[in-house]
Amino acid sequence: MMLIPCPWCGPRDESEFHYGGQADVRYPENPGTVSDEEWGRFLFYRDNPKGVFAERWVHAAGCRRWFNVERDTLTNEIRPAHDATTRTVTR
Amino acid sequence: MTPRTPGADLPDHPDWLWRNPDPKPSYDVVIVGGGGHGLATAYYLAKNHGITNMAVVERGWLAGGNMARNTTIIRSNYLWDESAGLYEHALKLWEGLEDELDYPLLFSQRGVLNLAHSLQEVRDSVRRVNANRLNGIDAEFLDPAQVKEICPILNVSDDIRYPVLGATWQPRAGIAKHDYVAWGFARALDRMGVDLVQNCEVTGFERVGDRIVGVETTRGDIRAGKVALAAAGHTSVLADSLGLRLPIQSHPLQALVSELLEPVHPTVVMSNAVHVYVSQAHKGELVLGAGIDAYNSYSQRGAFHTIERQMAAAVELFPMFARAHVLRTWGGVVDVTPDASAIMGLTPFEGLYVNCGWGTGGFKATPGVGWCFAHTIAHDEPHPLNAPFSLDRFTTGALIDEHGAAGVAH
């Protein structure tokens, strides 16, 4: 089980969190002009690196806030993203 | 009843089934990934399309990835016509595969029960049974008493947290011995002159414009008329080196086995709601699986709380499991798609074909994948059965949303 660094509560067991996938995926700025291909990319395509991955977690069983970390998907080495608490995702 | 030794009906371990050749400088077809899908694809390319100047390259040892890590369940009770077509084609091939390969696969059609724990699940299950029947797939819906008759060790009392309200039943479903499946294909391929090249990791591709003409490997460059990817969880890593983005995410999928037990579990039982699936291997281990761990990972391991949840569900459904000991746990890396269906077909690169996104359910499809992917590679166009599984469905929106029938949480 991973120890995940919540920026507000400190390191806690993974089972207190839910996973949010890739960080900083932005809703298209001008939805009316987005092509089918671009919609498909936005909805269904995410990075899937073997290595460092910027991703989101929510501390569901704690402060219930979202934040970003950088985690190595091979080793599970994990560190807070430098702007862990400020970057947001528009949904 | 005469006592029987668990495993007494297993064939002897073979000491030699295939050569271990060095790669040649060039082949007509190079298949990346020496697991079940890669081997089956090579087999049907040779058998159905006459292509034998071919190599299957594997970064580790043959069939040592997900082929060695899955829970060996075979069934075709999928909801949508597209999936039913592909998985039922595979199941029909399974039914003749031991004879065809002349090799014991321990294919055992002991049936599968997919449990329903809520009124909505009952309705969804009945709908799936009807859909299966319309597609010529054997299926019926059973009430709890009938479920108990098929699997007496299952707890069908109504005082558990998620009582069993019924189940779908596919009698032709079952299990096979995963290693022997790989070895049967490998032996047949070796006899047809196909090179199975182990310890040979593909690190990049040779290309001329948008045409793929070979692969770069840890054992040198290999030129190829055509290159087919069958690398399961690592497909993104390969595709990234071409700048090809795919709608897949790689996750750990854990499984575990108990110590050897006398035969207690006569069928396969799966539950989406409490999320566990169980069968008993020929040798006697209880083989248990659950859903994927939530996060992306290539680490071939997962978290213990996932196992804990799965075991809690298993012990409630099968109270006698409380006294069984876990012998071993492990993880594979599975690539999941947004609609829980696979991707198989052409790519934007000429001469490059992709088979990925099987998520947690690739084993059952093995011969069907081989048959259809071989056709796709040989004719440069998908077989009618895999045409709906092409990459462009994520643009057209013609998704095949099989989260329910896939029987897993992903």
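Please refer to the structure higher up on the page.
Bear in mind that the values here come from a model prediction, so they are computed numbers and not experimental data.

**Regarding the overall build of chain A**
Across its full length, chain A holds 1 helix and 6 strands. Reading chain A from its N terminus to its C terminus gives the helix and strand order β-β-β-α-β-β-β. If one aligns the C-alpha atoms of chain A with their principal axes, the spans along those axes are about 45 × 30 × 20 Å. Among the 91 residues that make up chain A, the fraction classed as buried is 42%. Pairs at least 24 apart in sequence give 49% of the contacts found in chain A among residues at least 6 apart. Carbon and sulfur atoms make up 47% of the accessible area of chain A, which totals about 5300 Å². Placing the 12 positive and 14 negative side-chain charges of chain A at their respective mean positions leaves the two points 4 Å apart.

**Here's the deal with the interface of chain B and chain A**
Accessible area lost on assembly of the parts is the figure often given for the size of an interface. Of the residues lining the interface, 24 residues belong to chain B; the matching set on chain A comes to 23 residues. Interface of chain B and chain A: buried area, both sides summed, is about 2100 Å²; carbon and sulfur atoms make up 52% of it. Interface area lost by chain B to chain A is led by Arg245(B), Tyr295(B) and Tyr298(B), which between them contribute 32%. Inspection of the region where chain B meets chain A yields 1 salt bridge. The shortest N-O distance in the salt bridge between Arg245(B) and Asp47(A) comes to 2.7 Å. Seen at the junction of chain B and chain A, the total is 13 residue pairs in polar contact (both at pLDDT 80 or more). Elements that contribute at least two residues to the side of chain B that touches chain A include exactly α6 (235–240), β12 (249–260), α7 (304–317) and α9 (393–396) of chain B. Looking at the side of chain B that touches chain A residue by residue, the classes come out as 13 nonpolar, 9 polar and 2 charged.

**Side note on the pattern of salt bridges**
Within the structure shown, the criterion is met by 21 salt bridges over all chains. Ionic pairing is found between Glu16(A) and Arg12(A), a salt bridge with its closest N-O pair at 3.5 Å. With a shortest N-O distance of 3.4 Å, Asp380(B) and Lys226(B) are connected by a salt bridge. Here Asp380(B), found in the loop between α8 (366–379) and α9, pairs with Lys226(B), found in strand β11 (residues 220–229); they are 154 residues apart in sequence, far enough to count as distant. What makes Asp380(B) partly exposed here is its relative accessible area of 40%. Given the relative accessible area of 17%, Lys226(B) is considered buried. It is possible to trace a salt-bridge network through shared partners that takes in Glu88(B), Lys92(B), Glu95(B), Asp138(B) and Arg172(B).

**Re the sheet that holds strand β5 (residues 66–72) of chain A**
Residues and elements named next belong to chain A. Pairing in this open sheet of 4 strands is antiparallel, and the strands run β3-β4-β5-β6 from one edge to the other. Every other strand in the sheet has two partners, leaving β3 (18–22) and β6 (78–80) as the edge strands with one partner each. Strand-to-strand twist across the sheet, computed as the mean angle between neighbouring axes with direction ignored, equals 35°.

**With respect to α7(B)**
All names here are of chain B. Taking 1.5 Å of rise per residue, 14 residues should cover 20 Å, and α7 covers 20 Å from first to last C-alpha, within 8% of that figure. All of the buried residues in α7 are His 305, Thr 306, Ile 307, Gln 310, Ala 313, Ala 314 and Leu 317. In this structure, the buried residues of α7 make contact with β4 (112–116), β12, β13 (268–271), β14 (276–280), β15 (285–292) and β16 (326–336).

**Digging into the packing of helix α2 (residues 81–101) of chain B against helix α5 (residues 178–191) of chain B**
All names here are of chain B. In the contact formed by α2 and α5, the axes pass within 10 Å of each other and the chain directions differ by 45°. With respect to their mutual orientation, α2 and α5 come out oblique. Regarding α2 and α5, the two cross each other, and that crossing is left-handed. Mapping the contact onto sequence places Trp 94, Leu 97 and Leu 101 in α2 and Val 181, Gly 184, Phe 185, Arg 187 and Ala 188 in α5. Partitioning the contact of α2 with α5 into residue classes produces 6 nonpolar, 1 polar and 1 charged.

**Regarding the packing of helix α1 (residues 36–49) of chain B against α2(B)**
All names here are of chain B. Closest axis-to-axis distance for the α1/α2 pair is 15 Å, and the angle between their directions is 75°. Classified by the angle between their axes, α1 and α2 sit roughly perpendicular to one another. Of the residues in α2, those in contact with Tyr 43, Tyr 44 and Lys 47 of α1 are Leu 93, Leu 97, Glu 100 and Leu 101. Here the residues of the contact of α1 with α2 are counted per class, giving 5 nonpolar, no polar and 2 charged.

**Section: the nonpolar core**
All names here are of chain B. Within the largest apolar cluster, 59 residues are counted, with the highest numbers of intra-cluster contacts made by Ile 31, Met 54, Trp 94, Phe 185 and Leu 196. Looking at this core, the elements with two or more residues in it are β1 (26–32), α1, β2 (54–57), α2, α5 and α8. No other element matches the 8 residues that α5 contributes to this core. Val 32, Val 215, Leu 229 and Leu 238 belong to the second-largest nonpolar core, a separate cluster that totals 31 residues.

**Description of the packing of aromatic side chains**
Using the criterion set out here, one finds 19 aromatic pairs over all chains in the structure. The interplanar angle of 45° and the centroid separation of 6.2 Å between the aromatic rings of Trp57(A) and Tyr295(B) together place this pair among those described as tilted. Of this pair, Trp57(A) sits in strand β4 (residues 52–58) while Tyr295(B) sits in the loop between β15 and α7, placing the two residues on different chains. Positioned above the aromatic ring of Tyr45(A) is the side chain of Arg41(A), whose terminal nitrogen or guanidinium carbon lies 4.2 Å from the ring centre. Here Arg46(A) stacks its cationic end above the ring of Phe42(A), 6.0 Å away from the centre of that ring.

**A few points about the sheet that holds β12(B)**
Residues and elements named next belong to chain B. The mixed open sheet is built from 8 strands, whose spatial order is β5-β6-β4-β13-β14-β15-β12-β16. Looking at the sheet topology across the chains shown, the edges are occupied by β5 (140–142) and β16. Taking each pair of neighbouring strands and ignoring which way they run, the sheet shows an average axis angle of 20°. Sheet topology places β4 next to strand β6 (residues 166–170); 5 bridges connect them, and they run antiparallel. In the sheet register, Leu 115 faces β6, and the bridge partner there is Ala 167. Running at roughly 125° to β15, α7 makes contact with β4, β12, β13, β14, β15 and β16 of the sheet.

Analysis parameters
Residues numbered from 1 in each chain as written. Chains lettered and ligands numbered in written order. Predicted model: local features only at pLDDT ≥ 70, side-chain atom pairs only at ≥ 80, totals over all residues. Heavy atoms only, no water. Helix = DSSP H or I, 4+ residues; strand = E, 2+ residues; numbered from the N terminus. Buried < 20%, exposed > 50% of the residue type's maximum accessible area, 1.4 Å probe, protein only. Contact = heavy atoms within 4.5 Å. Areas by Shrake-Rupley, 256 points an atom, 1.4 Å probe, with all protein chains shown as cover. Lys, Arg positive; Asp, Glu negative; His and termini not counted. Charge placed at Lys NZ, Arg CZ, Asp CG, Glu CD. Buried area = accessible area lost by both parts, 1.4 Å probe. Salt bridge = Lys/Arg side-chain N within 4 Å of Asp/Glu carboxyl O. Polar contact = N/O pair within 3.5 Å; in protein donor to acceptor, adjacent residues only side chain to side chain. Nonpolar A, V, L, I, M, F, W, Y, C, P; charged D, E, K, R; others polar. Pairing = 2+ DSSP bridges. Axes fitted to C-alpha atoms, helices over the stretch in contact; angles between N-to-C directions. Expected span 1.5 Å × (residues − 1). Parallel < 35°, antiparallel > 145°, perpendicular 65-115°, else oblique. Left-handed = near helix turned anticlockwise from the far one by under 90°. Core = buried A, V, L, I, M, F, W, Y, C linked by side-chain atoms within 4.5 Å. Phe/Tyr/Trp six-rings, centres within 6.5 Å; stacked < 30°, edge-to-face > 60°. Lys NZ or Arg CZ within 6 Å of the ring centre and 35° of its normal.

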